[in-house]
Amino acid sequence: MPKPTKGPRLGGGPAHERLLLANLAAALFTHKSIKTTETKAKRLRPLAERLITFAKRGDLHARRRVLAVIGDKNVVHELFTEIAPLVAEREGGYTRITKLGFRKGDNAPMAQIELVLEPVVKKNASKPARSKAAAASAAPVEEAPAEETAAEDTTAPEAEETEAAEAPAAEETTADETEAPAEAADEKADETK
């Protein structure tokens, strides 16, 4: 038997909370997405996911267990025939909660809870294994660019220094000095020393 939640109930008593969550679940399965408060959405998520898990099993006992929670046969039929096949490949996480901000009247935090019906994209767990000969031939090729980049890194600070020296000189040049930019850079370098 599930342990009852601590703290204040949604609505009034435990029976009212159970009916409220059942109605939210029915609305979620009917409309595929509903807008409610964050607290109700967080409390609805485990119930909805448990009901979807029963629907994935698809047997008579599972249908009767879902009917014990949701009394509407049309909603249960939709859950078993339409929603369950769409999430058959998914191993959990059938719902998504998105925070929407605050309600205008009472500043309650609002959220949208929706069913995740997109097909599952499985990651390729096994990568093709390379042979030892292919790995050995690829290793020297990988080392050569590393040496070239190291050689480029040693010249990079020198290039930055020359660019830094030329940049202020280029700003102060006038139309007469455009003929001799190298002389202006030399003069600027002498001034900084």
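Residues numbered from 1 in each chain as written. Predicted model: local features only at pLDDT ≥ 70, side-chain atom pairs only at ≥ 80, totals over all residues. Heavy atoms only, no water.

Asks: What's the story with the overall build of the protein in this structure? I'm lost.
Replies: Helix and strand counts for the protein stand at six helices and three strands. In the protein, the order of α-helices and β-strands from amino to carboxyl end is α-β-α-α-α-β-β-α-α. Buried residues in the protein amount to 25% of all 193 residues. In the protein, 53% of the contacts between residues at least 6 apart in sequence involve partners at least 24 apart. For the protein, the accessible area works out to roughly 13,900 Å², and carbon and sulfur atoms hold 55% of it. (Helix = DSSP H or I, 4+ residues; strand = E, 2+ residues; numbered from the N terminus. Buried < 20%, exposed > 50% of the residue type's maximum accessible area, 1.4 Å probe, protein only. Contact = heavy atoms within 4.5 Å. Areas by Shrake-Rupley, 256 points an atom, 1.4 Å probe, with all protein chains shown as cover.)

Asks: Help me understand the packing of aromatic side chains in this model?
Replies: Two numbers describe a pair of aromatic rings. These are the distance of the centres and the angle of the planes. Tallying each qualifying case throughout the model produces zero aromatic pairs. Positioned above the aromatic ring of phenylalanine 80 is the side chain of arginine 63, whose terminal nitrogen or guanidinium carbon lies 4.4 Å from the ring centre. (Phe/Tyr/Trp six-rings, centres within 6.5 Å; stacked < 30°, edge-to-face > 60°. Lys NZ or Arg CZ within 6 Å of the ring centre and 35° of its normal.)

Asks: Sorry if this is basic, but what is going on with the sheet that holds strand 1 (residues 33–37) here?
Replies: Each strand in a sheet pairs with its neighbour through backbone hydrogen bonds, running either in the same direction (parallel) or in the opposite one (antiparallel). Overall, antiparallel pairing links the three strands, which are arranged 1-3-2 in an open sheet. The strands lining the two open edges of the sheet, one partner per strand, are strand 1 and strand 2 (95–102). Strand-to-strand twist across the sheet, computed as the mean angle between neighbouring axes with direction ignored, equals 25°. (Pairing = 2+ DSSP bridges. Axes fitted to C-alpha atoms, helices over the stretch in contact; angles between N-to-C directions.)

Asks: Just to check I follow, could you spell out the side chain of glutamate 78 for this structure?
Replies: For glutamate 78, the position within the fold is in helix 4 (residues 73–86). Given a relative accessible area of 16%, glutamate 78 falls into the buried group. Not counting the four nearest positions on each side in its chain, glutamate 78 is found in contact with Phe29, Thr30, Lys32 and Ile83.

Asks: How should the side chain of threonine 37 be read in this particular structure?
Replies: Note on placement: threonine 37 falls in strand 1. Among residues more than four places away in sequence, those in contact with threonine 37 are Arg103, Ala108, Pro109, Met110 and Ala111.

Asks: When you look at the pairing of strand 3 (residues 109–115) in this model, what are you seeing that I'm missing?
Replies: The pairing of strand 1 with strand 3 spans five bridges and is classified as antiparallel. Counted as the bridge partner of threonine 37 is methionine 110 from strand 3. In the sheet, strand 2 pairs with strand 3 via seven bridges, with the strands oriented antiparallel. Bridge pairing links isoleucine 97 to isoleucine 113 in strand 3.

Asks: Where do I start with the environment of threonine 30 in this structure?
Replies: Within the secondary structure layout, threonine 30 lies in helix 1 (residues 14–31). A relative accessible area of 34% means that threonine 30 is categorised as partly exposed. When the C-alpha positions of threonine 30 and leucine 79 are compared, they lie 8.3 Å apart, and in sequence the two are 49 residues distant. Those residues in contact with threonine 30 that lie beyond four places of it in its chain are Val75 and Glu78. Within the structure, the side chain of threonine 30 is placed 2.7 Å from the backbone oxygen of alanine 26, a separation counted as a polar contact. (Polar contact = N/O pair within 3.5 Å; in protein donor to acceptor, adjacent residues only side chain to side chain.)

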